[in-house]
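# An overview of the molecular structure
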Amino acid sequence: MSQTINISISGTFPNYAISFDSTPQPVPYGKTDTIGYEMATPGFSIVAVNMQRDPFSSADQLIWAIPTGGQSLILTDNNTDKVATTFGVEIVFADKSGNMFSSPDPEVINEGEG
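Counting restarts for each chain, with residues numbered from 1 along the sequence as it is written. Given that this is a predicted model, residues contribute local features only at a pLDDT of at least 70 and side-chain atom pairs are listed and counted only at 80 or more, while totals for whole chains, interfaces and linings are drawn from all residues. The basis for every side-chain value is the complete set of heavy atoms in the structure, and neither hydrogens nor water enter the calculation.

### Considering the environment of Ser72
Put simply, DSSP H or I for four residues or longer makes a helix, DSSP E for two residues or longer makes a strand, and each gets a number counted from the N terminus. Relative to the helices and strands, Ser72 resides in strand E6 (residues 72-78). Relative accessibility decides the category of a residue: with a 1.4 Å probe and only protein chains considered, values under 20% of the type maximum give buried, values over 50% give exposed, and everything between is partly exposed. Residue Ser72 is classed as buried on the basis of its relative accessible area, which comes to 11%. Residues Ser72 and Ala84, spaced twelve residues apart in sequence, show a C-alpha to C-alpha distance of 27 Å. In this description, contact between two residues means that some pair of their heavy atoms is separated by no more than 4.5 Å. Among all residues touching Ser72, those that are not within four sequence positions of it are Tyr37, Glu38, Ile46, Ala65, Ile66 and Pro67.

In structure tokens:
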């Protein structure tokens with residue numbers, strides 16, 4: 001399974017508006033999914049990611065990478081936890097002047113068993 005979500009940014013710093021063209025679909029129990037976030041607006045880059053998980057557990061594996069150039073974020077989610085969980089994903093961006101700002105937290109939901 002693979003999903004791609006485009007990110008658009010408008011406005012001026014410090015009041016940038018960040019929008020996503022879709023929401024990640026839940027990842028079924030026992031499955032692995034790759035979720036790609038792609039920059040659709042020139043002049044911005046992805047520089048970091050902050051993750052939170054509720055409830056906390058080390059059973060699932062959510063691995064992320066920002067390829068060279070920061071124009072995309074790749075999340076690989078291996079859902080092995082029998083309990084439904086939600087990952088809050090805060091994406092940190094930079095504009096061409098080096099100003100940094102972050103997204104509202106898109107969520108990645110892992111469905112539980114059954």
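The rest of the description comes next.
### Here's the deal with the pattern of salt bridges
In the sections that follow, a salt bridge refers to a side-chain nitrogen of Lys or Arg positioned within 4 Å of a carboxyl oxygen of Asp or Glu. Considering all chains together, one arrives at one salt bridge under this definition. The closest approach of N and O atoms between Arg53 and Asp81, which form a salt bridge, is 2.6 Å. Here Arg53 is found in strand E4 (residues 44-54), whereas its partner Asp81 is found in the loop between E6 and strand E7 (85-95), with 28 residues between them in sequence. Note on accessibility: Arg53 and Asp81 belong to one class, buried.

### Examining the nonpolar core
Across soluble globular proteins, nonpolar side chains have a tendency to be buried as a group. The criterion is simple. A nonpolar core is a set of buried Ala, Val, Leu, Ile, Met, Phe, Trp, Tyr and Cys residues joined through side-chain atoms within 4.5 Å. By size, the foremost hydrophobic cluster in this structure holds 20 residues, and its most contacted members are Ile7, Ile9, Tyr37, Leu75, Ile91 and Phe93. Contributions of two or more residues to this core are made by strand E1 (2-10), strand E3 (32-39), E4, E6 and E7. Sort the elements by how many residues they give to this core and E7 lands first, with four residues.

### Things to note about the pairing of strand E2 (residues 17-20)
The pairing criterion for strands is at least two bridges between them, as found by DSSP. Summarising the sheet, E1 and E2 pair through four bridges and their orientation is antiparallel. Along E2, the bridge assignment pairs Ile9 with Ile18. Connecting E1 to the next strand, E2, in antiparallel fashion are six residues, including Gly11 with a positive phi near 90°.

### Details of the side chain of Asp81
Asp81 sits in the buried class, given a relative accessible area of 9%. Counted as a polar contact is a pair of N or O atoms within 3.5 Å, where, for protein atoms, one must be capable of donating a hydrogen and the other of accepting one, and residues adjacent in sequence contribute only when both atoms are in side chains. A distance of 2.6 Å separates the side chain of Asp81 from the side chain of Arg53, its partner in a polar contact.

### Things to note about the environment of Ile66
Considering the arrangement of structural elements, one finds Ile66 in the loop between strand E5 (61-65) and E6. Accessibility expressed as a relative area gives 24% for Ile66, which makes it partly exposed. For the pair formed by Ile66 and Glu38, sequence separation is 28 residues and the distance between their alpha carbons is 10 Å. Discounting chain neighbours no more than four positions away, the residues touching Ile66 are Ile46, Val47, Ala48, Val49, Ser72 and Leu73.

### Overview of the sheet that holds E5
Ordered by their spatial adjacency, five strands build an open sheet running E2-E1-E3-E6-E5, and the pairing between neighbours is mixed. Both outer strands of the open sheet, E2 and E5, are each paired with one neighbouring strand and no more. In this sheet, neighbouring strand axes are inclined to one another by 20° on average, regardless of whether the strands run parallel or antiparallel. Helix axes are fitted to C-alpha atoms over the stretch in contact, other axes to C-alpha atoms as well, and angles between N-to-C directions run from 0 to 180 degrees.

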